[in-house]
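Working through the structure, step by step
Chain by chain, the residues:
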Amino acid sequence: MKAIRVGSRESRLAVAQAEEVIARLGVPCELVTMKTTGDKILDRTLDKVGGKGLFVRELDCALAEGRIELAVHSLKDLPMEQPDGFPVVAYSPREDARDALVLPEGVGKLNPAKPIGCASARRRVQLGALFPGAAIEPVRGNVLTRLQKLDAGQYGALVLAAAGLRRLGLEHRISRLFSPEELLPAAGQGILAVQARADGCTELFAGLDCAESRICAAAERAVVRGLDGGCFAPIAAYAECSGTRVRVRGLYAPKGAIWRAEACGETADAETLGLEVAHQLLCQAKEGEAW
C-alpha cells in the first residue's frame, strides 16, 4: 500500500498532533510538514494580519494540488467556512479543553509586577475579569517559543491551552487549570480535525472519527458562526455531552462587556443549540447597547 501523505504545520506541537492521528490510522504514512503564513508573521496579533485562516492556507493548497492526502489541524485554528471539496473527515477524541496558567520555571506564585501573556482576545477579556488590574499582553510564537520568553522574564505568567502542553509532554509546566466557569475555552479547543479531499478515499479515515467530538464541534462552531465568526470580537464556546444530552455554553464580548448564555438539549440538535446560544448572546449585546 502506498503511504498516505499527512500534512502538518512544522511546529513541534503540530507534528505531535499529526503523529497522534497517524498512530490511530494504523497504515503506512509519510509526514509532510510546512510553514504556514501564520507561522511566519510573529510581530502582530492574528486580528491584525488576517485571522486563523493564515494557519491552514498552505495545507489547503497542498491538498488541492495532491501533494498530501490529508491534513491535520487544531480545530480551533480551522476557519468556520471550509472550501468546497475539502471536508473534515474525522474529529479526534478531545484532549483537556481547559486553559492553563504557566509560571516561569522554578517560580511558585504569580508576580503582579509582570504581565500575563496570552495570544487571543478571548483569553484577554476573561483574564481581565479574573485578575483585575493585571497587565495582559499579547504573546506570539509556538508553545516552546512562548515558554522561552516566559522563562527569560518577559512575562509573569502565560495562559496556554492545556491540550497543547499535554501533547508536548509539558504537563509539568501547568501551575493551575482554569475551569470553564473561569475561562470558557475556544470553540474546538483540544480537538484535532482531519481534512481530506472529497474525491479521495475518505472511508479510510472514518475509523478516526470520535462521535462525541463531532457533536461538540458542531455545537461550538455553530455558536461562532452565529456570532459572525469572521469578526474579531472575543468569542468562546464549549459543549459537554452526557449520554444523549449536550450542554452548550457561549461567551461574547464585542465591546468589552462580557455576555454569557447556554442551552441544553439532545445531541442530535447540537448545531441548532449552538445557534440558539449565539442568538441569546446577540440579543444580550443589543440590549446592553440600548441601556
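Structural notes, computed from the coordinates. Please read these numbers as outputs of a predicted model, since none were measured by experiment.

**A few points about the nonpolar core**
A general feature of soluble globular proteins is that nonpolar side chains tend to end up buried together. Within the largest apolar cluster, 22 residues are counted, with the highest numbers of intra-cluster contacts made by Val223, Leu227, Ala239, Val248, Tyr252, Val277 and Leu281. Mapped onto this core, the elements with two or more residues apiece are helix H8 (211-226), strand E11 (235-242), strand E12 (245-252), strand E13 (259-266) and helix H9 (270-290). Excluding residues that lie within four positions of it along the chain, Leu227 makes contacts with Ile235, Tyr252, Ala278, Leu281 and Leu282.

**Considering helix H6 (residues 143-151)**
When H6 is considered as a whole, its buried residues turn out to be Val143, Arg146, Leu147 and Leu150. Axial view of H6: buried residues confined to an arc of 100°, hence all on one face. Packed against the buried residues of H6 are helix H1 (12-25), strand E5 (99-102), strand E8 (157-161) and helix H7 (162-167). Looking at where H6 begins, the residue whose side-chain oxygen comes 3.1 Å from the main-chain nitrogen of Leu144 is Asn142.

**Quick look at the pattern of salt bridges**
All told, the structure shown has 20 salt bridges when counted by the stated rule. Notably, a salt bridge pairs Glu240 with Arg249, separated by 2.8 Å at the nearest N-O pair. Salt-bridge contacts for Arg247 lead to Glu262; the nearest nitrogen and oxygen are separated by 3.0 Å. Of the two residues, Arg247 is situated in strand E12 and Glu262 in strand E13; the sequence distance between them amounts to 15 residues. Overall, the relative accessible area of 30% leaves Arg247 in the partly exposed class. Beyond isolated ion pairs, a larger network of salt bridges with shared partners links Asp96, Arg98 and Arg166.

**Here we look at the sheet that holds strand E10 (residues 192-196)**
The mixed open sheet is built from five strands, whose spatial order is E2-E1-E3-E10-E4. Either end of the sheet is taken by a strand with one partner, and the two such strands are strand E2 (29-34) and strand E4 (88-91). Neighbouring strand axes in the sheet, compared pairwise and without regard to direction, differ in orientation by 25° on average. One ladder, built from six bridges, connects strand E1 (residues 4-9) with E2; its direction is parallel. Within the sheet, the bridge partner assigned to Arg5 lies in E2 and is Glu30. Running at roughly 165° to strand E3 (residues 70-74), helix H4 (residues 57-64) makes contact with E1, E2, E3 and E10 of the sheet.

**Section: the sheet that holds E12**
Here we have three strands laid out as an open sheet, ordered E11-E12-E13, and antiparallel in their pairing. Edge strands, defined here as strands with exactly one partner in the open sheet, are E11 and E13. Pairwise comparison of adjacent strand axes, ignoring direction, gives a mean angle of 15° for this sheet. One ladder, built from eight bridges, connects E11 with E12; its direction is antiparallel. Note that in E12 the partner of Glu240 across the bridge is Arg247. Docked against the sheet, H8 engages E11 and E12, running at close to 150° with respect to E11.

**What to know about H4**
For H4, the full list of buried residues reads Leu59, Asp60, Ala62 and Leu63. Projected down its long axis, H4 carries its buried residues within an arc of 160°, all on one side. Contacts made by the buried residues of H4 are with E1, E2, E3 and E10. Of the residues trailing H4, Gly66 is marked for its positive phi of about 75°.

**With respect to the layout of surface pockets**
Approximately 230 Å³ is the volume found for the second largest pocket. What lines the second largest pocket is simply Leu78, Met80, Gln82, Val88, Tyr91, Arg214, Ala217, Ala218, Arg221, Arg225 and Glu271. For the lining of the second largest pocket, the secondary structure elements donating two or more residues are E4 and H8. With five residues, the top contributor of residues to the lining of the second largest pocket is H8.

**Topic: the environment of Lys149**
Within the secondary structure layout, Lys149 lies in helix H6. For the pair Lys149 and Gly117, spaced 32 residues apart in sequence, the C-alpha to C-alpha distance is 9.6 Å. Once residues within four sequence positions are removed from consideration, Lys149 is found in contact with Val139, Arg140, Gln154 and Tyr155.

What counts, and at which threshold
- Every chain is numbered independently, its residues counted from 1 as its sequence is written.
- Residue-level local features of this predicted model are given only where pLDDT is at least 70; pairs of side-chain atoms are given and counted only at 80 or more, and the full residue set underlies all totals for whole chains, interfaces and linings.
- Excluding hydrogens and water, the side-chain values take into account all heavy atoms of the structure.
- Only buried residues count toward a nonpolar core. Its members are Ala, Val, Leu, Ile, Met, Phe, Trp, Tyr and Cys residues joined through side-chain atoms within 4.5 Å.
- Only protein chains enter the area calculation, which uses a 1.4 Å probe; residues under 20% of their type maximum are buried, those over 50% are exposed, and those in between are partly exposed.
- Only DSSP runs of H or I with at least four residues qualify as helices, and only runs of E with at least two residues qualify as strands; both kinds are numbered from the N terminus onward.
- The contact definition used throughout considers only heavy atoms, calling two residues in contact when any of these lie within 4.5 Å.
- What the arc covers is the set of directions going from the helix axis to the C-beta atoms.
- Contacts described as polar in this section are N or O atom pairs within 3.5 Å, which, within protein, must combine one atom able to donate a hydrogen with one able to accept it, while residues neighboring in sequence count only if both atoms come from side chains.
- A pair is scored as a salt bridge if a Lys or Arg side-chain nitrogen falls within 4 Å of a carboxyl oxygen belonging to Asp or Glu.
- Pairing between two strands is assigned when DSSP locates at least 2 bridges connecting them.
- Here an angle of 0 to 180 degrees is reported between the N-to-C directions of two axes, which are lines fitted to C-alpha atoms, with helices fitted over the stretch in contact.
- Cavity means a closed set of points on a 1 Å grid over the protein atoms alone, one where a 1.4 Å probe fits but cannot get out, pocket means an open set with protein on both sides within 12 Å along at least 5 of 7 lines, and lining means a residue has an atom within 4 Å of a point.
- Grid points are joined across faces, edges and corners, and a volume is the space filled by probe spheres set on the points.

Remember, this is a structural readout, not a statement about activity or role.
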